[in-house]
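Breakdown of the fold
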Amino acid sequence: MTRAFVAGATGYVGRSVVAELRRRGVDTVAHVRPDSSRLDEWTKRFAAQGATVDSTPWQLEPMSGRLAQLNVSLVFALLGTTRARAQTAEQAGAAAADYEAVDYGLSSLLLQAAGTVQPPPRFVYLSSAGVQDNARNPYLAVRARVERELRESGLHYVIARPAFITGADREEDRPVERWSARVGDAVLGVLGLIGASSLQAKWASMTGDELARGLVRLALDPAVSPTIVHGDALRE
């Protein structure tokens, strides 16, 4: 039986991934941090979809034990500080710390925990377009570190590098990101009309639901692991 553990389940992409997994009949465990003020709300919401909620604390030993107890076969790492939130934090001098604690720290801890499970699960990591080993941008640099650890972990993996993730169904008010996505999509649309359809497929924005369908499809296909994919592969 396939059982998926979704870390970051309450985020924009995470909610869609839980829904897509359940739509496909996958036994799904949605992780909600134990100190969440909305724990009861999320428990009811995910239960209505047929998912189980887990609130294991973000500590290596408890998380390792829980993943082993659940006997998970898929682990989704959908964690991170949003770019918009980070830009606000950066003005206060806190962005780098947020990236280190959440984007890197929790993802790395989850990867270490997954590495203790037998048989090893496949690890699906939501990274970002533009990631490279020598990235100086803190948002991209921490993702490069997680990607490197994942590649060296010995686990089967899917690393996804989409561009903008946005949509009218996103709860957060993020006008700058939505405007940037619209402008980028418009430019890519023109390029698509003149024959650069591959660029359009790779770099155009995606909604949470679109991304979730791609992530889950690739996660369930053993033929594509280990792999790094961009927007074009996520859309197929």
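Quick caveat, the model's predicted, so the values are computed rather than measured.

When you go through the protein residue by residue, the secondary structure sums to 10 helices and 7 strands. Of the contacts formed within the protein by residues at least 6 apart in sequence, a portion of 69% connects residues at least 24 apart. Put simply, the protein shows about 11,300 Å² of open surface, and 51% of that area lies on carbon and sulfur atoms.

Take the packing of aromatic side chains next. Counted by the stated rule, this structure contains 1 aromatic pair. Summarising the aromatic geometry, the rings of W42 and F46 are spaced 5.4 Å apart at their centres and angled 20° between planes, so their arrangement reads as stacked. Here W42 pairs with F46, and both are found in helix α2 (residues 39-48), just 4 residues apart, close to one helical turn. Since its relative accessible area comes to 3%, W42 is described here as buried. The class of F46 is buried, set by a relative accessible area of 1%.

Look at the link from Q118 to P119: it is a cis peptide, with omega at -5°. Looking at the element boundaries, P119 is found in the loop between α5 (95-114) and β5 (122-126). A positive phi angle is found at N71, which is not glycine, with a value near 55°. On the secondary structure map, N71 appears in the loop between α3 (60-70) and β4 (74-77). With a relative accessible area of 44%, N71 lands in the partly exposed category.

What counts and what doesn't
- Residues numbered from 1 in each chain as written.
- Predicted model: local features only at pLDDT ≥ 70, side-chain atom pairs only at ≥ 80, totals over all residues.
- Heavy atoms only, no water.
- Helix = DSSP H or I, 4+ residues; strand = E, 2+ residues; numbered from the N terminus.
- Contact = heavy atoms within 4.5 Å.
- Areas by Shrake-Rupley, 256 points an atom, 1.4 Å probe, with all protein chains shown as cover.
- Phe/Tyr/Trp six-rings, centres within 6.5 Å; stacked < 30°, edge-to-face > 60°.
- Buried < 20%, exposed > 50% of the residue type's maximum accessible area, 1.4 Å probe, protein only.

Without other data, these values stay purely geometric and don't point to any function.
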